[in-house]
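Tertiary structure, described
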Amino acid sequence: MQRLKTRAQFQFVLAGTVIAKTPHFALHCNRLNAKAVTGRAGQPAEPASLFHLQDMWIGAMVPKRWAKRAVTRNAIKRQIYTVGADFSALYPHAAFVVRLRSSFSLAQFASAVSDQLKLAVRTEIQVLMQAGAKAA
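These lines cover the structure that appears in this document, whether it is placed above or below. For clarity, every value in this text was computed on a predicted model and none was experimentally measured.

As a further point, take the layout of surface pockets. By volume, the largest pocket is sized at about 260 Å³. Lining the largest pocket are 18 residues, and of these Ala67, Lys68, Thr72, Phe104 and Leu106 sit closest to its centre. Considered class by class, the residues forming the lining of the largest pocket number 10 nonpolar, five polar and three charged.

Another aspect to go through is the pairing of strand S2 (residues 17-21). The sheet contact formed by S2 and strand S3 (residues 25-31) spans four bridges and is antiparallel. Counterpart to Ala20 in the pairing with S3 is Leu27. The turn joining S2 and S3, which pair antiparallel and follow one another in sequence, is formed by three residues.

Let's shift gears to the packing of aromatic side chains. Counted by the stated rule, this structure contains five aromatic pairs. Considering the side-chain rings of Phe104 and Phe109, the 6.0 Å spacing of their centres and the 75 degrees angle between planes classify their relative orientation as edge-to-face. Considered together, Phe104 and Phe109 belong to a single accessibility category, that of buried residues. In this structure an aromatic cluster arises from ring pairing among Phe12, Phe51 and Trp57. The ring of Tyr81 is capped by Arg3, whose NZ or CZ atom sits 3.8 Å from the centre of that ring.

Thresholds, definitions, all that
The residue numbers shown here count from 1 along each chain, following its written sequence. Only residues with pLDDT of at least 70 are given local features in this predicted model, and only at 80 or more are side-chain atom pairs given and counted; all residues enter the totals for whole chains, interfaces and linings. For the side-chain quantities, the full set of heavy atoms in the structure was used; hydrogens and water were omitted. Think of a 1 Å grid over the protein atoms and nothing else: a 1.4 Å probe that fits but is trapped marks a cavity, an open set flanked by protein within 12 Å on at least five of seven lines marks a pocket, and residues with an atom within 4 Å of a point count as lining. Grid points are joined across faces, edges and corners, and a volume is the space filled by probe spheres set on the points. Gly falls in the polar group here, along with every residue not listed as nonpolar (Ala, Val, Leu, Ile, Met, Phe, Trp, Tyr, Cys, Pro) or charged (Asp, Glu, Lys, Arg). Being paired, for any two strands, means DSSP has found at least two bridges between them. Segments assigned H or I by DSSP are reported as helices when at least four residues long, segments assigned E as strands when at least two residues long, and all are numbered from the N terminus. Centres within 6.5 Å are what make two rings of Phe, Tyr or Trp a pair, Trp counting through its six-membered ring; a difference in plane orientation under 30 degrees is then read as stacked, over 60 as edge-to-face, and the rest as tilted. Burial classification: accessible surface area is computed with a 1.4 Å probe over protein chains only, and a residue below 20% of its type maximum counts as buried, one above 50% as exposed, and the rest as partly exposed. The criterion for a charge sitting over a ring is simple: Lys NZ or Arg CZ within 6 Å of the ring centre, and within 35 degrees of the ring normal.

What follows is the structure in structure tokens.
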């Protein structure tokens, strides 16, 4: 499993399809053999130039809009990458982005990073990845 690092890689994956959703997350997918997309300078960005290995690629998008504190964003990203590694054998060689699409309730999770929040995030990401494995 490889991690997405560049803006162009994230844009390539987000140009693909959403293959699974949960109340807080969405899983985007784009095949590594997909057609080229327009890059930043208006020139096509070939997937071969963005992804040097044929492997499962995963990225995490956790916007400040939905997770205000950096410690919360980092904890969510850690859970995404850990669960992604657990499910990597079930997924094809493609690029995926797990995107946080709504915030977790501050009333329910008062602490920025609690064991309850980590468990809730991990459980929901596992559900998302299972649904994505069936769709991918």
